[in-house]
Amino acid sequence: MNNYETVFILTPVLSDAQVEEAVKKFEDLLKEKNCEIVAKENWGLKKLAYPIQLKKNGFYTLIEFKGEGTVVADLELAFKRDERVIRYLTTKLDKHAVEYAVTRRTKIKAARA
């Protein structure tokens, strides 16, 4: 199993409940494909670097997961079919990126405590 992280941006016109529903949809897809979700971070509403579909803001979400390589194509197809998603990027993490992700998560938890 490989380590992946995906970041996707949802349209800013959604309510909090709709954002949660969209994120849950993608989490359920990953679980359905026998992936292990390592971490999930909701980064909230952020300003985009440039307008996308005439929108200047978007709801960012990061999901780290472990799974087979074939699941990425299924996940990205689901992103393409969902009109709430305006951008997405999925990357495969090497061992150094996995270590960095663990360190980053522990620093975030320590800062919140």
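Notes on the structure follow. (Residues numbered from 1 in each chain as written. Predicted model: local features only at pLDDT ≥ 70, side-chain atom pairs only at ≥ 80, totals over all residues. Heavy atoms only, no water.)

A word on the layout of surface pockets. Here the largest pocket is characterised by a volume of approximately 160 Å³. Taken together, Ala39, Lys40, Glu41, Asn42, Trp43, Arg105, Ile108, Lys109 and Arg112 form the lining of the largest pocket. Mapped onto the lining of the largest pocket, the elements with two or more residues apiece are β2 (36-52) and α3 (95-112). A total of five residues in the lining of the largest pocket trace back to one element, the largest contributor, which is β2. Residues belonging to the lining of the largest pocket are distributed by class as follows: three nonpolar, one polar and five charged. (1 Å grid on protein atoms, 1.4 Å probe; cavity = no way out; pocket = protein on both sides within 12 Å on 5 of 7 lines; lining within 4 Å. Points joined across faces, edges and corners; volume = space filled by probe spheres on them. Helix = DSSP H or I, 4+ residues; strand = E, 2+ residues; numbered from the N terminus. Nonpolar A, V, L, I, M, F, W, Y, C, P; charged D, E, K, R; others polar.)

Non-glycine residue Gln53 carries a positive phi angle of around 50°. As for its placement among the helices and strands, Gln53 is situated in the loop between β2 and β3 (55-67). Within the chain, Leu54 stands out as a residue other than glycine whose phi angle is a positive 65°. Judged by its relative accessible area of 86%, Leu54 falls in the exposed class. (Buried < 20%, exposed > 50% of the residue type's maximum accessible area, 1.4 Å probe, protein only.)

Right, let's talk about the sheet that holds β3 for a bit. Pairing is antiparallel in the open sheet, where four strands are placed in the order β2-β3-β1-β4. Either end of the sheet is taken by a strand with one partner, and the two such strands are β2 and β4 (85-93). Across this sheet, the average inter-strand angle for adjacent strands is 20°, counted without regard to direction. Relative to β4, strand β1 (residues 2-10) runs antiparallel, the two sharing eight bridges. Note that in β4 the partner of Val7 across the bridge is Leu89. The strands touched by helix α1 (residues 16-32) are β1, β2, β3 and β4; relative to β2, the strand with the most contacts, the crossing angle is about 135°. (Pairing = 2+ DSSP bridges. Axes fitted to C-alpha atoms, helices over the stretch in contact; angles between N-to-C directions. Contact = heavy atoms within 4.5 Å.)

Attention now moves to the environment of Glu27. Along the chain, Glu27 turns up in helix α1. Glu27 sits 55 residues away from Asp82 along the chain, and the two C-alpha atoms are 14 Å apart. With residues near it in sequence (within four places) discarded, Glu27 still touches Ile37, Lys40 and Ile63. One polar contact links Glu27 to Lys40, side chain to side chain, over a distance of 3.3 Å. (Polar contact = N/O pair within 3.5 Å; in protein donor to acceptor, adjacent residues only side chain to side chain.)

This next bit is on the pairing of β3. Taken together, the nine bridges between β1 and β3 define a ladder with antiparallel strand orientation. Bridge pairing in β3 links Asn2 to Gly67. The pairing of β2 with β3 spans 11 bridges and is antiparallel. The residue bridging Lys46 from the neighbouring strand is Gly58, located in β3.

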